[in-house]
Amino acid sequence: MSLDDALTEAAIGPHLSTCLLGRPLICLPATQSTNAVVREQAHSGAPEGLVVIADAQTGGRGRLGRSWLSPPGVGIWMSILLRPGLPAADAQRLTLAAAVAVADAIAAVSGLQAGIKWPNDVMIAGRKCSGILTEVETGGDRVTAAVVGIGINVNTPSFAPDLTAATSLLIERGGRPVARAPLAAAVLLRFEQAYRQLLAGEFRPVLDRWRALSVTLGRRVQVMPVGDQPYAGWAEAADDDGALRVRLDSGEVRRVLAGDVSIRSAE
Ligand code: BT5
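Let us look at the structure shown here. Since the model is a prediction, treat every value here as computed from it, not as a measurement. (Residues numbered from 1 in each chain as written. Predicted model: local features only at pLDDT ≥ 70, side-chain atom pairs only at ≥ 80, totals over all residues. Heavy atoms only, no water.)

## Points about the site of the ligand
Rules: It suffices for a single heavy atom of a residue to lie within 4 Å of a molecule or strand for the residue to be listed as near it. We define a polar contact as two N or O atoms separated by no more than 3.5 Å, with the added condition that, inside protein, one atom must be a possible hydrogen donor and the other a possible acceptor, whereas residues neighbouring each other in sequence contribute only through side-chain atom pairs. The Shrake-Rupley method, run with a 1.4 Å probe sphere, supplies the accessible areas, and residue values consider only the shown protein chains as cover.
With respect to spatial proximity, 27 residues lie near the ligand, and among them Ser33, Arg61, Arg66, Lys128 and Asn153 are the closest. Interatomic distance of 2.9 Å between a backbone N/O atom of Leu69 and a nitrogen atom of the ligand. Within the side chain of Asn120, one N or O atom sits 3.3 Å away from an oxygen atom of the ligand. In isolation the ligand exposes 800 Å². Once the protein is present, 90% of that is buried.

See the structure below:
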């Protein structure tokens, strides 16, 4: 990638038209995990809107203790601190809003059509180009702090054989790179807009957009719920709280709140 693809405060600043997110913005050459950095900052009283971006992560994290590959110079690895005061039951909405922001920003900046696989994957042509890890802290039944971590494979040239389900914008554009700074700024602006709608109780348009971008709804899926046995069914709907509603062949409908799904070809 050319030298003008720096992911620094100076490179991102001119593209950033947010009021809240990225104010302040901290860019690091490398860190273990930007989510961990922001969590620490949150504990020391950092303000809502803080964004930490790293050029590389040495211990990038996925959900459920998985790892997230975050090599230098080719991705956007960033975490956003929010203090939404939302009911804890609505926390999943932050992930939905972030996924919509990422998919729409990718389309706007790179021209690629991205879709959302429930609950937190942004996909292009059936492969994952971005993942979101939302970690919340609650007090009573309210979210007192939320760290929304977003990883986007921007200019990753290739993936190891154990990551066949991964892709990057570069790969999907036939080798043409995408500048990271404008993309990071575009994600932050869209996420800020969706976040404001969420706080204002006007989340319906974001949910509608999430449903329109979903590559899961209407598909035959294999569900791997957290702490439960896998099962197959049809992904029928997404509830307003972000739960996936799956109809089993028996006719029973289950709400999935946490877990993974894989999409199967219709049998
Ligand atoms: C995720 O988890 O997709 C959430 C990823 C969040 C990463 C961001 S980067 C900034 C912030 N700081 C962090 O430490 N994390 C956040 P999950 O759905 O559990 O998916 C993890 C799985 O995706 C792994 O087990 C791999 O199979 C696969 N994977 C790992 N690295 C990947 C990559 N770069 N691209 C695509 N897939 C990957």
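## Side note on helix α3 (residues 92–110)
We count it as follows: Each helix is a run of DSSP H or I of at least 4 residues and each strand a run of E of at least 2, with the numbering of both proceeding from the N terminus. To estimate the expected span of a helix, subtract one from its residue number and multiply by 1.5 Å. Each residue's exposure class comes from its accessible area (1.4 Å probe, protein chains only) as a fraction of the maximum for that residue type: buried when under 20%, exposed when over 50%, partly exposed otherwise.
In this model, α3 (19 residues) spans 27 Å end to end at C-alpha, consistent with the 27 Å of a helix rising 1.5 Å per residue. Where burial is concerned, most of α3 is hidden: 15 out of the 19 residues are buried. Of the residues trailing α3, Gly111 is marked for its positive phi of about 80°.

## Quick look at the sheet that holds strand β10 (residues 244–247)
Whenever strands of a sheet pair, they do so through backbone hydrogen bonds, lying parallel or antiparallel. Stated formally: Pairing between strands requires that DSSP locate at least two bridges from one strand to the other. Here an angle of 0 to 180 degrees is reported between the N-to-C directions of two axes, which are lines fitted to C-alpha atoms, with helices fitted over the stretch in contact.
The five strands are arranged β11-β10-β9-β8-β12 in an open sheet whose pairing can be described as antiparallel. The open sheet terminates on both sides in strands that have one partner only, identified here as β11 (253–256) and β12 (259–264). Across the sheet, the axes of successive neighbouring strands diverge by a mean angle of 45°, strand direction being ignored. For β10 and β11, the ladder comprises four bridges, and the chain directions are antiparallel. Across the sheet, residue Arg245 finds its bridge partner in β11, namely Arg255.

## Details of the side chain of Thr216
Heads up, the rule is: Contacts were defined at the residue level, with two residues in contact if any of their heavy atoms lie within 4.5 Å.
Counting through the fold element by element, Thr216 comes out in the loop between α6 (204–213) and β8 (220–225). Setting aside its immediate chain neighbours within four residues, Thr216 contacts Ile116, Lys117, Trp118, Val221, Ala235, Leu244, Val261 and Ile263.

## A look at the packing of aromatic side chains
Working definition: an aromatic ring pair is given by the centre-to-centre distance plus the angle between the planes. To keep it simple, the criterion reads: Stacked, tilted and edge-to-face are the three classes assigned to paired rings of Phe, Tyr and Trp, where Trp is represented by its six-membered ring and a pair needs centres within 6.5 Å; plane angles under 30 degrees give stacked, over 60 edge-to-face, the rest tilted. In this scheme, Lys NZ or Arg CZ marks a charge over a ring once it lies within 6 Å of the ring centre and within 35 degrees of the ring normal.
Considering all chains together, one arrives at zero aromatic pairs under this definition. If you follow Arg254 out to its NZ or CZ, it ends over the ring of Tyr231, 4.4 Å from the centre.

## Focus on the packing of α3 against α6
How two helices pack is summed up by the angle between their axes together with the distance between the axes. The following threshold applies: Angular relationships are summarised with four words: roughly parallel below 35 degrees, roughly antiparallel beyond 145, roughly perpendicular across 65 to 115, and oblique for the angles in between. Two helices crossing with the near one rotated counterclockwise from the far one by less than a right angle form a left-handed crossing, whereas a clockwise rotation gives a right-handed crossing.
Relative orientation of the contacting elements α3 and α6 amounts to 60°, with a least axis distance of 10 Å. As summarised for this structure, α3 and α6 are arranged oblique, according to the angle between their axes. Seen from above, α3 lies across α6 with left-handed handedness. Along its contact with α3, which presents Arg93, Leu96, Ala97, Ala99, Val100, Ala103 and Asp104, the element α6 presents Val206, Leu207, Arg209, Trp210 and Leu213.

## Digging into the sheet that holds strand β4 (residues 115–117)
Read across the open sheet, the seven strands follow the order β1-β2-β3-β7-β6-β5-β4; overall the sheet is mixed. On the outer flanks of this sheet lie β1 (25–28) and β4, each paired with one strand and no other. Strand-to-strand, the axes of this sheet are offset by a mean angle of 20°, without reference to chain direction. In terms of strand pairing, strand β6 (residues 127–139) meets strand β7 (residues 142–153) through ten bridges, oriented antiparallel. Its bridge partner lying in β7, Gly139 is registered against Arg142.

Worth remembering: the numbers are spatial, not functional.
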